[in-house]
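# Topology and contacts: notes
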Amino acid sequence: MLMTNILEMPVLTRKWWMLTVTCLSVIVVSLDLTILNIALPAISAGLHAGTGDLQWLVGAYSLVFAGVMLPAGMVGDRLGRKRLLLAGLALFLAASLWCALSVSAGELIAARALMGLGAGIMFPLSLAVVSAAFGDDDRPKAIGILTAAVALGLPLGPVLGGLLLQHFSWHSVFWINVPAVCVTLAAGVVLMPESRNSAAPPLDVLGALLPAGAVTCLVWGVINGPEHGWMARSTWLPLAGSAVLLAAFLGREHRSANPVIDPALVRDKRFTWGTAATIAVSVALFGILFVVPQYLQSVLGDDPISAGLRLLPMMGGLLVAGGVAGQVVRAAGTRLTVAAGLALLTGGLAMLSQIHLATGYAFVAAGLALCGLGTGAAIAAAMDAVMTAAGSDDAGIGASVNSALRQVAGAIAVAVLGSVLSATYARDLRPALAVLPGREAAEARASITQAAEVASRLPSGGSALRIAAGTAFLHGMSAVMLICAGVATLAALTSLRYLPGRTAPRDLASPQGAAAGGAASPQGVAAGGAASAEGAAAAAPDTGTRR
């Protein structure tokens, strides 16, 4: 009966229900990027895992996740995006069960790598399926909501993990995935429409593997850099390997008659500058989620659950801005919406850079809310431009290229911003460490968290050290927020300069579309009204015009 009722829903209603279950899938994926961190001590004790094992538990997921996104988009465009997305969900489900039942650190690392494989398939194809399902009027709103769901999963990880670990063993952080993925799988089979590029040329397997290897090596090196040093062999070898693989890929693309990434897509300003804007937003978002939770926990003394809840103003801003993004884009156009969103984000980051020890939470919440509003508006409009440029044929590859670049940018941002934070913190704390014994001084210098532990062992709770460490950390946090604000400002200016005012559907923006409908220019679309994706598909057969 339930299946019959779902099938009898109006098409528009089914699309929004499909978006709901797709949001659930990306929440689970992003949640698993952070939920494990809080469970690491319990896993270490339960499985007798050393520091190296714990590093690989986190790294295995991230490495496979980043590397598989590009091939997933290419394969999805050819075999069917829904089919491959459901396969990724099934892999993620199997890996979650394996993680929950693991009895050794090595087994858990292997299961986490399989989980990263499933997540890397799910993540870009979720965006591709949503983009293909919604027309031009509703796509910005749908993408904004999907983006908010991704961001929601990151701070939700520590909150949910903390709640689970209060009542259950570390296995529960993996068991929680099972019901969510089962619901998504069952609903996805019924609600998700199938889409593919029937005119796509045969897949260049080597061409698909080269960028995947380059991304994996780059993320590997960036992860190792802060931990082992940038001149360590474990850092520069993967980075050098990434450069070699990238050069080989570019050479192959230049010679190929059927390149993996269509040059016309890269030349499209909507795709290139829309992607640049989303990368800037991702750098700022990773910077906020890297630094602010540390401030809340180590400076203010919140537990992980409370810290996660204090991030909710940013999530609220994301949801509000994502929900109204479609109307704003229709009224103001893509260029102004993206630039205004980035300006709001810059303002929020500037507020966060002014936090000091006596700052009340209301000021912090206002800054976070402003960041959420700016992020939601900018990324929804920019992603709409990116996916409109990709069109229905290349939705998978467009989504996967964008997702992979944002993931790489986030990893690099955390490494660079982390180095800035550490250097500023250590420099400003140096005078306060002069009165401490060498060992305790080294511990306090390492991080704000260890400084708090050292302070707790000192007479009177080490109030002087706490104040000095908190002040030093906030100086580093201010530097990080200002760097992110600079990136957002640069992106706002380039968006104003290069993004088109309106993002016409690909068929209407192409010469073929102009000949058929006479509305190729953005001005023509604005004056005469852009046809919806469904209308464009009906008027122009899927001939693979990019190829």
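Quantities reported herein were computed from a predicted structural model and do not represent experimental measurements. (Residues numbered from 1 in each chain as written. Predicted model: local features only at pLDDT ≥ 70, side-chain atom pairs only at ≥ 80, totals over all residues. Heavy atoms only, no water.)

### Some details on the environment of serine 25
Counting through the fold element by element, serine 25 comes out in helix 2 (residues 11–31). Each C-alpha atom of the pair serine 25 and valine 150 lies 9.2 Å from the other, and the pair is 125 residues apart in sequence. (Helix = DSSP H or I, 4+ residues; strand = E, 2+ residues; numbered from the N terminus.)

### Description of a nonpolar patch on the surface
Taken together, the side chains of Leu97, Leu101 and Trp175 present a nonpolar region at the surface, about 280 Å² in accessible area. Summarising the element assignment, tryptophan 175 is placed in helix 8 (residues 172–175). (Patch = residues over 30% accessible without salt bridge, like charges linked within 9 Å, V, L, I, M, F, W, Y side chains within 5 Å. Areas by Shrake-Rupley, 256 points an atom, 1.4 Å probe, with all protein chains shown as cover. Salt bridge = Lys/Arg side-chain N within 4 Å of Asp/Glu carboxyl O.)

### Overview of the pattern of salt bridges
Where side chains of opposite charge bring their charged atoms close, a pairing between them can arise. If you walk through the whole model with that rule in mind, you get 7 salt bridges. A salt bridge links aspartate 268 to arginine 270; its shortest N-O distance comes to 2.7 Å. An identical accessibility class is assigned to aspartate 268 and arginine 270; each is buried. For aspartate 428, the salt bridge goes to arginine 427, with nearest N and O atoms at 2.9 Å. By relative accessible area, aspartate 428 is classed as partly exposed at 26%. Each of Arg439, Glu443 and Arg457 takes part in a single network of salt bridges with overlapping partners. (Buried < 20%, exposed > 50% of the residue type's maximum accessible area, 1.4 Å probe, protein only.)

### Observations regarding the packing of aromatic side chains
Under the criterion given, the structure shown has 5 aromatic pairs. Both rings, one in tryptophan 273 and one in tyrosine 498, keep their centres 4.4 Å apart while their planes meet at 10 degrees; by these two values the pair is stacked. You can see tryptophan 273 sitting in helix 13 (residues 269–299) and its partner tyrosine 498 sitting in helix 21 (residues 463–498), a full 225 residues away along the chain. Grouped by ring-pair contacts, the aromatic residues Tyr61, Phe65 and Phe123 constitute a single cluster. Across the ring face of tyrosine 361, the terminal group of arginine 310 is positioned such that the distance to the ring centre comes to 4.7 Å. (Phe/Tyr/Trp six-rings, centres within 6.5 Å; stacked < 30°, edge-to-face > 60°. Lys NZ or Arg CZ within 6 Å of the ring centre and 35° of its normal.)

### Structural notes on the nonpolar core
Ranked by size, the top nonpolar core spans 154 residues in total, and within it Phe174, Ile288, Leu342, Leu349, Leu352 and Met477 carry the most contacts. In this view, leucine 352 contacts Ile288, Val292, Val364, Gly367, Leu368, Cys371, Met477 and Met481; residues no more than four positions away in its chain are not counted. (Core = buried A, V, L, I, M, F, W, Y, C linked by side-chain atoms within 4.5 Å. Contact = heavy atoms within 4.5 Å.)

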